[in-house]
Amino acid sequence: MKITSILTKLGVCFLFLLVSLCAMAQKATLVCEKPMHDFGTIKEADGKVEHDFIIKNTGDKPIAISSVSSSCGCTVPEWDKAPLRPGQESKVHVVFNPHNRNGKFNKTITVLLSGQKSKLLLFIRGNIIPKPKE
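The written sequence of each chain sets the order in which its residues are numbered from 1. Whole-chain, interface and lining totals are the exception, using all residues; otherwise, since this is a predicted model, local features are given only for residues with pLDDT of at least 70 and side-chain atom pairs are given and counted only at 80 or more. Heavy atoms from the whole structure form the basis of all side-chain values; hydrogens and water molecules are not counted.

## Re the nonpolar core
Residues Leu30, Ile65, Val92, Phe96 and Val111 are the most contacted members of the largest nonpolar core, which totals 25 residues. When contributions to this core are tallied by element, the ones reaching two or more residues are β2 (36-43), β3 (49-57), β4 (65-70), β6 (89-96), β7 (103-113) and β8 (119-129). The contact partners of Phe96, leaving out residues within four places of it in the chain, are Phe39, Ile42, Lys48, Val49, Cys74, Thr75, Arg101, Phe105, Lys107, Ile124 and Ile128. By nonpolar core is meant a set of buried Ala, Val, Leu, Ile, Met, Phe, Trp, Tyr and Cys residues that side-chain atoms within 4.5 Å join together. For the exposure calls, accessible area comes from a 1.4 Å probe over protein chains only, and a residue counts as buried if that area is under 20% of its type's maximum, exposed if over 50%, partly exposed in between. For helices the rule is a DSSP run of H or I covering at least 4 residues; for strands it is a run of E covering at least 2, with both sets numbered from the N terminus onward. Whether two residues are in contact is decided by their heavy atoms: any pair within 4.5 Å suffices.

## Details of the sheet that holds strand β1 (residues 30-31)
With antiparallel pairing, the four strands of this open sheet are ordered in space as β1-β3-β6-β5. Pairing within the sheet leaves two strands with one partner each, and these edge strands are β1 and β5 (75-79). Should DSSP find at least two bridges between two strands, the strands are regarded as paired. By the bridge criterion, eight bridges tie β3 to β6 in an arrangement that is antiparallel. Bridge pairing in β6 links Phe53 to Val92.

## Description of the packing of aromatic side chains
Planes of paired rings set the category: under 30 degrees apart is stacked, over 60 is edge-to-face and the rest tilted, where pairs are Phe, Tyr or Trp rings (Trp by its six-membered ring) whose centres lie within 6.5 Å. Within this structure, the stated rule accounts for two aromatic pairs. On the numbers, 4.1 Å between centres and 10 degrees between planes, the contact of Phe96 with Phe105 is stacked. Side by side, Phe96 and Phe105 carry an identical accessibility label, which is buried. Connected via pairs of aromatic rings, a cluster forms that spans Phe39, Phe96 and Phe105. Remark: a charge is flagged as sitting over a ring if the NZ atom of Lys or the CZ atom of Arg is within 6 Å of the ring centre and within 35 degrees of the ring normal. Its end group placed over the ring of Trp79, Lys81 keeps NZ or CZ at 3.8 Å from the ring centre.

## Concerning the environment of Thr108
Structurally, Thr108 can be placed in strand β7. When its relative accessible area of 25% is taken as the criterion, Thr108 is described as partly exposed. In this view, Thr108 contacts Ser69, Ser70, Ser71, Leu121, Leu122 and Phe123; residues no more than four positions away in its chain are not counted.

## Brief notes about the confidence of the model for the protein chain
Per-residue confidence from the predictor is reported as pLDDT, a score between 0 and 100. Chain-level statistics for the protein chain give a pLDDT mean of 85 and a share of 79% at 70 or above. Here helix α1 (residues 2-25) stands out as the least confident element of the protein chain, with mean pLDDT 48; β2 is the most confident, with 98. Of the regions scoring below 50 in pLDDT, residues 12-28 engages in two contacts with residues more than four places distant in sequence or in other chains.

## Here's the deal with the side chain of Lys107
By the element assignment, Lys107 lies in strand β7. One buried charged residue, Lys107, remains without a salt bridge, the closest side chain of opposite sign being Glu44 at 13 Å. Among residues more than four places away in sequence, those in contact with Lys107 are Ser71, Cys72, Cys74, Thr75, Phe96, Leu122, Phe123 and Ile124. Positive charges are assigned to Lys and Arg, negative charges to Asp and Glu, while His and the chain termini are left out of the count. The working definition used for a salt bridge is a side-chain nitrogen of Lys or Arg within 4 Å of a carboxyl oxygen of Asp or Glu.

## Side note on the environment of Ile42
For Ile42, the position within the fold is in strand β2. For the pair formed by Ile42 and Pro98, sequence separation is 56 residues and the distance between their alpha carbons is 8.4 Å.

## Digging into the pairing of β5
With burial as the criterion, only one face of β5 is covered, namely that bearing Thr75, Pro77 and Trp79; the residues Val76 and Glu78 on the opposite face remain uncovered. Both β5 and β6 contribute to a ladder of five bridges, which runs antiparallel. By the bridge assignment, Glu78 is partnered in β6 with His93.

## Section: the layout of surface pockets
Reported here for the largest pocket is a volume of approximately 210 Å³. By residue number, the principal contributor to the lining of the largest pocket is β3, which donates six residues. Tallied by class, the residues present in the lining of the largest pocket amount to six nonpolar, one polar and five charged. Approximately 150 Å³ is the volume found for the second largest pocket. Whether a set of points on the 1 Å grid over the protein atoms alone is a cavity depends on a 1.4 Å probe fitting there but being unable to get out, while an open set qualifies as a pocket with protein on both sides within 12 Å along at least five of seven lines; lining residues are those with an atom within 4 Å of a point. Looking at the second largest pocket, the residues that line it are Glu44, His99, Asn100, Arg101, Asn102, Pro130, Lys131, Pro132 and Lys133. Each residue belonging to the lining of the second largest pocket can be placed in one class, and the counts come to two nonpolar, three polar and four charged. Grid points are joined across faces, edges and corners, and a volume is the space filled by probe spheres set on the points. Residues were grouped as follows: Ala, Val, Leu, Ile, Met, Phe, Trp, Tyr, Cys and Pro as nonpolar; Asp, Glu, Lys and Arg as charged; and all remaining residues, including Gly, as polar.

Right, dumping it as structure tokens:
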């Protein structure tokens, strides 16, 4: 009985260790403390709105952003192509154009990292008041 109990406890400890190691290995090295930006209510007539997402390399090696894409052509991202050193911050600048759109919107910006399968997702949302009809 004691051997079975010891083996069971060892098995549980091993499983816990394995799950912890897998979780650590899958952690993204690029993070954004505020991945969601709400523009609130905006007017189509006022034109484009912009926001900067601050991102940080929390890993122990330099990392570069290979590409940034948005879920819609109305959202245009810009980013620094230079690799980020560990602890260094940068930004992903996003411009949203509300032209010919009205009502609520939710857009996703996908940040792909060079040489990694992981990605960072950023989000913008808001509500557009359309231009008055002429």
